[in-house]
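Breakdown of the fold
Single-letter residue listing:
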Amino acid sequence: MRRTTEVEDLLRLHAPQVLGALVRRYGHFDPAEDAVQEALIAAARQWPEQGVPDNPRGWLIRVASRRLMDRLRSDAARRAREEEVAALTPRDAFTAPAPDEPVPGVSRAPSEDDTLTLLFLCCHPDLAPAAQVALTLRAVGGLTTAEIARAHLVPEATMAQRISRAKRKVRGAAFVQPVPADRDKRLAAVLQVLYLIFNEGYTATSGRSLHRAGLAREAIRLTRSVRRLLPRDGAVTGLLALMLLTDARSAARTGPHGELIPLDEQDRTRWDRAAVAEGLALVEEALGRGPAGPYQVQAAIAALHDEADRAEDTDWPQILALYDVLVRIAPEPMAELSRAVAVAMVHGPRAGLAEADALADRLAGHHRLDAVRAHLLERAGDPEGARTAYRAAAAATLSIPEARYLYGRADRLDG
């Protein structure tokens with residue numbers, strides 16, 4: 001199991017690099033992504049049993065290249081392109097690779113430039129913001145269509161259509177990093193995508209694990225790369241600070257059997273103090289670079305949590321004041337739900353419930369609304385209402401650790 005998890009993390013790391021290499025080398029974004037997915041499936045089957053090759057990225061590029069060329073050659077609708085394909089095909093594209101054979105022209109080091117170029121390509125200005133986010137989560141973050149749909153609170157079929165249309169629009173776009181003026185236009189979408197990738201890594205929306213560490217690390221790595229391009233941008237710095245301050249708590253979020261441990265019950269001595277220190281310094285820097293945007297404000301909230309040695313030392317009035325700023329500059333239902341918790345911590349659980357209930361139409365059926373209501377009902381002395389809400393939240397989530405935690409809270413109230 002451990003080897004399988006390590007292979008999954010490795011594939012997550014290399015997937016955008018491999019896709020970037022294929023798009024740069026051959027074009028054909030849509031079939032290139034399909035070919036990369038086939039190579040990833042082949043690796044997921046072979047590597048746990050046969051071992052990871054010395055050059056895993058090269059192995060994936062070689063296999064994906066072969067699958068891509070097979071796909072282009074066998075598609076009758078693309079026969080007119082055969083001469084172009086032949087001209088683009090490397091001489092060894094159809095040679096079966098040895099597991100650790102180096103690939104000509106491909107460095108063993110991860111290609112940060114390819115991944116960044118792919119990131120900005122997916123945020124092409126011809127795409128609507130929602131399509132930019134969806135395509136990048138699929139191509140760079142490696143999330144499934146179902147995971148992206150859940151993150152956006154839309155049906156999976158709707159998200160599949162959105163991604164398909166986005167792929168068609170970027171077909172033929174040059175695989176080069178945008179000039180500075182164009183890059184600045186795409187930056188907001190790039191940062192939103194990285195934020196969503198990190199969130200999926202920090203708290204997986206489905207599966208047996210609460211934390212997809214490889215995905216969270218990749219989001220942090222990519223954000224560091226963007227910051228190297230734009231070191232004085234407050235939003236980029238704020239997003240990196242937010243990620244570091246949040247991820248610093250990872251080790252304390254689960255118990256020995258993978259069970260979820262809420263923030264107020266965590267052993268704070270297990271938090272990564274080096275990451276906290278870096279994050280705090282970045283928050284201070286980000287807040288000094290002009291008007292604060294959503295990422296700077298969220299980073300400041302995370303900093304207040306991380307600075308508290310004990311849960312009871314948390315400065316909730318200041319956190320509530322920051323949430324007031326956040327929902328004013330970026331009104332979004334999940335931020336408003338978090339604000340409802342802060343209201344409860346400052347003004348009491350009934351006040352928080354009133355805020356949460358006001359979101360019922362916008363978050364109908366979302367397990368986080370039921371989970372917050374359950375927690376506040378329990379604090380307000382309504383065990384029956386809390387049990388019902390805990391069980392509704394547990395039934396709605398696709399995360400096994402979250403479901404176990406929520407059912408456990410309900411069972412404890414039964415006791």
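Residues numbered from 1 in each chain as written. Predicted model: local features only at pLDDT ≥ 70, side-chain atom pairs only at ≥ 80, totals over all residues. Heavy atoms only, no water.

Concerning the overall build of the chain
Secondary structure summary: the chain contains 19 helices and 2 strands in total. Sorting the 415 residues of the chain into buried and exposed places 51% on the buried side. Partitioning the intrachain contacts of the chain with sequence separation of at least 6 by distance along the chain shows that 67% fall at a separation of at least 24. Total accessible area computed for the chain in this model is approximately 19,100 Å², and 51% of it derives from carbon and sulfur atoms. (Helix = DSSP H or I, 4+ residues; strand = E, 2+ residues; numbered from the N terminus. Buried < 20%, exposed > 50% of the residue type's maximum accessible area, 1.4 Å probe, protein only. Contact = heavy atoms within 4.5 Å. Areas by Shrake-Rupley, 256 points an atom, 1.4 Å probe, with all protein chains shown as cover.)

Considering a positive patch on the surface
Positive charge collects at one region of the surface, where Arg-165, Arg-168, Lys-169 and Arg-171 lie side by side. Position of Lys-169 among the secondary structure elements: in helix α8 (residues 156–170). (Patch = residues over 30% accessible without salt bridge, like charges linked within 9 Å, V, L, I, M, F, W, Y side chains within 5 Å. Salt bridge = Lys/Arg side-chain N within 4 Å of Asp/Glu carboxyl O. Lys, Arg positive; Asp, Glu negative; His and termini not counted. Charge placed at Lys NZ, Arg CZ, Asp CG, Glu CD.)

Topic: the side chain of Arg-162
Here Arg-162 is to be found in helix α8. Nearest to the buried, unbridged Arg-162 among oppositely charged side chains is Glu-332, at 13 Å. Those residues within four positions of Arg-162 in sequence are excluded, and the remaining contacts are Ala-130, Ala-131, Ala-134, His-152 and Val-154.

Observations regarding the packing of helix α6 (residues 129–139) against helix α7 (residues 145–152)
It is at 10 Å that the axes of α6 and α7 come closest, and there the two elements cross at 140 degrees. Judged by the angle between their axes, α6 and α7 are oblique. Crossing geometry of α6 relative to α7 is assigned as right-handed. Listed contacts from α7 to Val-133, Ala-134, Leu-137 and Arg-138 of α6 are Thr-145, Ile-148 and His-152. Class assignment for the residues of the contact of α6 with α7 results in 4 nonpolar, 2 polar and 1 charged. (Axes fitted to C-alpha atoms, helices over the stretch in contact; angles between N-to-C directions. Parallel < 35°, antiparallel > 145°, perpendicular 65-115°, else oblique. Left-handed = near helix turned anticlockwise from the far one by under 90°. Nonpolar A, V, L, I, M, F, W, Y, C, P; charged D, E, K, R; others polar.)

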